[in-house]
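Chain and residue survey
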Amino acid sequence: MAASAAPALALPAELTILVFERLASFRDLCECSKVCRQWRAAADSNYIWGAMLRRRCVDVAVESEMAGGELASGRPACRNKAIFASWHRRYRGFTDSYTRMRRAFWRLEAWADTHSPLLRQSLAPGLGWMGDETMPVRELLDVVNDSPAMRDFIMAHHFHDGQRRRPRYIECGLFGSYECYGDVCSLSWLSSRMLQVIALDQFRLLVFAWCMRTQNYLGVVVGCPPEIERAFMHHVVQVQPQSRRTADRGLFGDFIVEYIDGLIAGNYDVYDGIISMMPNTGPHAVSTTTRGIRTTVSAMFCFDETPHLRVYRYQVTFEL
């Protein structure tokens, strides 16, 4: 063994575990376990693999059940490692999307429990995974091409298969609502059974959120001319069919994470559990305080107006 490695090998077991806990990749941890018996014992500790499970947002209760056979035949000291290995095999190729979407939806669920219980109740149970007896996510792959950019989309439906289509949930769209002179728009997240691909000029869009009253919708670009693929492929666009106006909202995974971050940060008001599409922070909102009265004005581009005019809606809020 090289002399430079001796100090590291001489570390107490507790310090070795603390160092291993900070390794970014489980592959690095597995490589460290090959160095010597001391490092093998440290790298197999339940504490380290428990931290790895938490970092990857793995649902330990579910994965423990799935890994039941391995846990029964393995060493108790390596229980969390066996759970991690089972999870990694199940979601091979989707593990990064699993972590990203699981973290985002856990945050959404926690926020909705406090700010919009009705929205929380409207979220449908997720799709089963590959080979599960429940409706498998594999059916989504018949609609969505299996690319890195769309795995977040597939994983989102694995955790929550859209919103339930019950009358009391209609106005509680996950992606916000607004009302102006009796005109109500509420963008509800569609279940996998309601997904459809439509044509819009030279684009093909996979519609995943829809308002039954205004026909506004959100779709993911799944087909476009080759010369603009790099700019638009797999981006989320908001569309108003009558005016044919669109707005680019970025890649699906980025769109979901940023939207949930915005909800938690208070970028959108919530009235009686209904999320307002009108922003109260950002480039389309401004606030000022005069004589103890705080005035906030926000603007939103209208998608459901005549195509011959550029129309905005404004919201003015006064706070003492």
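Refer to the structure above for everything that follows.
Cut-offs used in this document
One numbering rule holds for all chains: residues counted from 1, following each sequence as written. Reporting in this predicted model follows two pLDDT cut-offs: at least 70 for local features of residues, and 80 or more for side-chain atom pairs to be given and counted; totals over whole chains, interfaces and linings ignore these cut-offs and use all residues. Excluding hydrogens and water, the side-chain values take into account all heavy atoms of the structure. Here the term cavity refers to a set of points on a 1 Å grid, laid over the protein atoms alone, in which a 1.4 Å probe fits but cannot get out; the term pocket refers to an open set having protein on both sides within 12 Å along at least five of seven lines, with lining residues being those that place an atom within 4 Å of a point. Grid points are joined across faces, edges and corners, and a volume is the space filled by probe spheres set on the points. Any residue that is not Ala, Val, Leu, Ile, Met, Phe, Trp, Tyr, Cys, Pro, Asp, Glu, Lys or Arg is counted as polar, Gly included; the first ten are nonpolar and the last four charged. In the sections that follow, a salt bridge refers to a side-chain nitrogen of Lys or Arg positioned within 4 Å of a carboxyl oxygen of Asp or Glu. A simple rule labels every residue: compare its accessible area, found with a 1.4 Å probe on the protein chains alone, to the largest value its type can have, and call it buried under 20%, exposed over 50%, or partly exposed in between. In this text, helices come from DSSP runs of H or I with a minimum length of four residues, and strands from runs of E with a minimum of two, each type numbered from the N-terminal end. In this description, a nonpolar core means a group of buried Ala, Val, Leu, Ile, Met, Phe, Trp, Tyr and Cys residues linked to one another through side-chain atoms lying within 4.5 Å. Contacts were defined at the residue level, with two residues in contact if any of their heavy atoms lie within 4.5 Å. When DSSP finds two or more bridges between two strands, those strands count as paired.

Rolled over the atoms, a probe as big as a water molecule pinpoints where empty space is left. Tallying each qualifying case throughout the model produces one cavity of 30 Å³ or more. Volume-wise, the largest cavity comes out at about 50 Å³. Residues of the lining of the largest cavity, tallied by class, amount to four nonpolar, two polar and three charged.

What follows concerns the pattern of salt bridges. Per the stated rule, a full pass over the model turns up eight salt bridges. For Glu109, the salt bridge goes to Arg102, with nearest N and O atoms at 3.1 Å. The burial state of Glu109 is the same as that of Arg102; both residues are buried. Measuring nitrogen to oxygen at the nearest pair gives 3.4 Å for the salt bridge that ties Asp113 to Arg120. Each member of the salt-bridge network shares a partner with another, and the members are Arg102, Glu109, Asp113 and Arg120.

For Cys57, which is not glycine, the phi torsion reads 60° and is therefore positive. Looking at where Cys57 falls in the secondary structure, it is placed in the loop between α5 (46-55) and α6 (60-66). Positive phi, close to 55°, is recorded for Asp201, a residue that is not glycine. As for its placement among the helices and strands, Asp201 is situated in the loop between β4 (196-200) and β5 (203-210). Its relative accessible area of 63% is what places Asp201 among the exposed residues.

Right, let's talk about the nonpolar core for a bit. Within the largest apolar cluster, 55 residues are counted, with the highest numbers of intra-cluster contacts made by Phe153, Phe175 and Phe208. Of the residues forming this core, the biggest block, seven residues, is contributed by helix α9 (residues 95-115). Among residues more than four places away in sequence, those in contact with Phe208 are Phe153, Phe175, Ser188, Trp189, Leu190, Leu195, Leu218, Gly219, Val220, Val236, Phe252 and Phe255. Listed in part, the ten residues of the second largest apolar core include Leu200, Val221, Val237 and Val239.

A separate point is the pairing of β5. In this structure, strand β3 (residues 188-189) lies alongside β5, joined through two bridges in antiparallel fashion. Paired with Trp189 across the two strands is Ala209, which belongs to β5. In this structure, β4 lies alongside β5, joined through five bridges in antiparallel fashion. Residue pairing in the sheet places Gln196 in a bridge with Val207 of β5. Between β4 and β5, which pair antiparallel one after the other, the connecting turn spans two residues, and Asp201 there sits at a positive phi close to 55°. By the bridge criterion, six bridges tie β5 to strand β6 (residues 217-223) in an arrangement that is antiparallel.

These values are about where atoms sit, not about what they do.
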